Amino acid sequence: QGDIFTYDPGFTSTAACESNITFIDGEEGVLLHRGYPIQQLAQQSHFLEVCYLLLYGELPSAEQLEDFENRVTNHTMIHEQMKNFFSGFRRDAHPMAIMTGVVGAMSAFYHDSTDIHDPWQREVASIRLIAKMPTIAAMAFKYSMGQPFVYPLNELDYASNFLRMCFSVPAEEYHVDPILARAMDRIFTLHADHEQNASTSTVRLASSSGANPFACIAAGIACLWGPAHGGANQACLEMLREIGTVDRIPEFIARAKDKNDPFRLMGFGHRVYKNHDPRATVMKESADEVLELMGIENNPTLQVAKELEKQALEDPYFTEKKLFPNVDFYSGIILDAMGFPTSMFTPIFALSRTVGWVAQWKEMLTDDHMKIGRPRQLYTGAGARDYIEVENR
Ligand code: SDX
């Protein structure tokens, strides 16, 4: 049945779409961006350099990187009138609801970068989305707390700018700790792109109709919000908190194995990885670094996470089904230690994944064979039959 259910994002064949951006080997736990292993990029590169690699296919020279970083930096503010969109939301609106709405609204503001057939407009739309997503995410966070928006500061790097926009207040400047900024940048890199996951496929399918690029990215944000996908980092930390103490772990493992219980271990399993998610390994190292810096290496949530991972990986149910911790298992612990509420975890995932959505959007639009996506189906409904008048039913 593979051919019938294979998603076709607009290409004429029934095979899966073609891309030269990201390669995953789920059996071997391999993730490459333009051929470079994610472990090396996360440990030796930084997010904006990885953005350049994903967008243009090669690692930049020093001059190319400086030019790219300047272009992103000079687009970090949003149109001042767009601030009005935030006040239309209730204060308790989920930041993902706000991001979906505000990013979709960008389609009504930035008319000079919506013509998908103009390479220059595609480039400007790409830079605007990567540059403005941290600002929008931080504004959604500030709005939910009733605090004033904090404008970006061009002298700061991408991750430091985001942290400052989230945690600075007029009464007290937030000084970004370089280790936290490095951990934040690494989280961005680890979430940057991941082949044809649900939200990227959503962006591709929406874009294949020629729709406004900002509206297509808003569709990707909406899809990512789901707890089976990008919402898992929020659901995972809430699960770890619900478990609370190490002695309650067996109770939750039993529930995850019970076919009659819809409960699943959040942060475990993956549609593709049937081995360790390479991102989780790097994320776990970052979690140790950040919590040690914060002096909370004995964080009860981290203790529960490590013991849960140990017990699950010793349990045949999980090892035989190849259910290993994924990228979402440790990211929430780091973000929680930084001071983010769980409601901000998925917006940070969306902020990071914007470059992956944009890179794949650009790749698809530059393919001469692109057609509107039309996923196939296997019809299992009633056969042809005649209408029956209501009195005869
Ligand atoms: C992301 O696609 C991507 O690339 C996504 C992503 C990205 O970067 O874009 O990597 C980000 O979405 C990571 C996944 C985050 N989601 C979660 O952590 C939520 C918890 N995980 C599950 O909901 C689940 O593992 C999925 C949704 C991720 C995958 O679901 P599948 O495809 O059904 O998993 P599977 O086919 O491998 O399941 C095999 C078996 C099934 O049981 P049986 O029907 O064989 O009896 O394992 C069971 C599943 O019920 N199972 C779990 C489980 N995940 C799968 N049982 C308990 N706990 C779990 N977490």
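Residues numbered from 1 in each chain as written. Predicted model: local features only at pLDDT ≥ 70, side-chain atom pairs only at ≥ 80, totals over all residues. Heavy atoms only, no water.

**What about the overall build of the protein chain?**
As a reminder of what qualifies: Helical segments are the DSSP runs of H or I of at least four residues, strand segments are the runs of E of at least two, and each set is numbered from the N terminus. Contacts were defined at the residue level, with two residues in contact if any of their heavy atoms lie within 4.5 Å. With residues, only the protein chains shown are counted as cover, and all accessible areas are computed by Shrake-Rupley using a 1.4 Å probe. Counted as positive: Lys and Arg. Counted as negative: Asp and Glu. His and the chain ends are not counted at all. The location of each charge is read from NZ of Lys, CZ of Arg, CG of Asp or CD of Glu.
Scanning the protein chain from terminus to terminus reveals 18 helices and three strands. Seen along its three principal axes, the alpha-carbon backbone of the protein chain occupies a region of about 75 × 55 × 50 Å. By sequence separation, contacts in the protein chain at least 24 residues apart represent 74% of the contacts at least 6 residues apart. Of the accessible surface of the protein chain, which amounts to about 17900 Å², a share of 52% is contributed by carbon and sulfur atoms. If you average the places of the 34 positive and of the 51 negative side-chain charges in the protein chain, the two averages end up 5 Å apart.

**Observations concerning the layout of surface pockets**
We apply this condition: Think of a 1 Å grid over just the protein atoms. A cavity is a set of points where a 1.4 Å probe fits yet cannot get out, a pocket is an open set with protein on both sides within 12 Å along at least five of seven lines, and lining residues have an atom within 4 Å of a point. Grid points are joined across faces, edges and corners, and a volume is the space filled by probe spheres set on the points.
A volume near 1100 Å³ is recorded for the largest pocket. For the largest pocket, the lining is made up of 38 residues, of which A228, R264, G269, H270 and R271 are closest to its centre. Residue assignment for the lining of the largest pocket shows that the elements contributing at least two residues are α16 (316-320) and α18 (345-365). Counted as a void, the second largest pocket has a volume near 260 Å³. Along the wall of the second largest pocket there are 19 residues; nearest its centre are L48, L156, D157, Y158 and A159. Breaking the lining of the second largest pocket down by element, the ones donating at least two residues are α4 (62-73), α7 (119-145), α8 (158-167) and α9 (178-190).

**Re the nonpolar core**
This is how it is decided: Nonpolar cores were defined as sets of buried Ala, Val, Leu, Ile, Met, Phe, Trp, Tyr and Cys residues, with membership established by side-chain atoms within 4.5 Å. We call a residue buried when its accessible area falls under 20% of the maximum for its residue type, exposed when it is over 50%, and partly exposed in between, using a 1.4 Å probe and counting protein chains only.
Counting residues in hydrophobic clusters, the biggest one holds 111 residues, and the most contacted among them are F162, M184, L308 and F340. The dominant element in this core, judged by the number of residues it contributes, is α7, at 13 residues. Those residues in contact with M184, other than ones at most four positions away along the chain, are A159, F162, L163, L335, M338, F340 and I348.

**Here's the deal with empty space enclosed by the protein**
The criterion, for reference: The nonpolar class holds Ala, Val, Leu, Ile, Met, Phe, Trp, Tyr, Cys and Pro. Asp, Glu, Lys and Arg form the charged class, and all remaining residues, Gly among them, are polar.
Under the defined criterion, the tally for this structure stands at two cavities of 30 Å³ or more. In this structure, the largest cavity spans a volume of roughly 80 Å³. M77, I78, E80, K83, T135, M139, F149, V150, Y151 and P152 together form the lining of the largest cavity. Across the lining of the largest cavity, the residue classes break down as seven nonpolar, one polar and two charged. Taken as a whole, the second largest cavity holds about 30 Å³ of empty space. I187, H191, N233, S331, L335, F345, I348, F349 and S352 are the residues that line the second largest cavity. Within the residue set of the lining of the second largest cavity, elements represented by two or more residues are α17 (328-338) and α18. Its residues placed into classes, the lining of the second largest cavity shows five nonpolar, four polar and no charged.

**Here's the deal with helix α3 (residues 47-56)**
Each full turn of the α-helix corresponds to 3.6 residues, which orients residues three or four apart in the same direction. Most of α3 is tucked away: nine of the 10 residues are buried. For α3, every residue scored as buried is listed here: F47, L48, E49, V50, C51, Y52, L53, L54 and L55. Of the residues one or two after α3, G57 is the one with positive phi, at around 95 degrees.

**Thoughts on the packing of helix α13 (residues 249-257) against helix α15 (residues 300-313)**
This is how the line gets drawn: Axis angles are defined between N-to-C directions and span 0 to 180 degrees, where every axis is a line fitted to C-alpha atoms and, for a helix, only to the segment in contact. For classification purposes, an angle smaller than 35 degrees is called roughly parallel, one larger than 145 roughly antiparallel, one from 65 to 115 roughly perpendicular, and anything else oblique. Crossing handedness is read from the near helix: turned anticlockwise from the far helix by less than a right angle, it gives a left-handed crossing, and turned clockwise, a right-handed one.
Axis separation between α13 and α15 bottoms out at 10 Å; the angle between their running directions is 50 degrees. On the basis of the axis angle, α13 is oblique to α15. Like other packed secondary-structure pairs, α13 and α15 cross with a definite hand, here right-handed. Contacts between α13 and α15 involve I249, P250 and I253 from the first element and V304, E307, L308, Q311 and A312 from the second.

**Regarding the pairing of strand β1 (residues 22-25)**
Using the following cut-off: Criterion used throughout: strands pair if DSSP finds at least two bridges between them.
Across the two faces of β1 the burial differs, with T22 and I24 buried and F23 and D25 not buried at all. As defined by bridge partners, β1 adjoins strand β2 (residues 30-33) across four bridges and the pair is classed as antiparallel. Its bridge partner being in β2, I24 is matched across the sheet by L31. The turn joining β1 and β2, which pair antiparallel and follow one another in sequence, is formed by four residues; a positive phi near 70 degrees is taken by G29.

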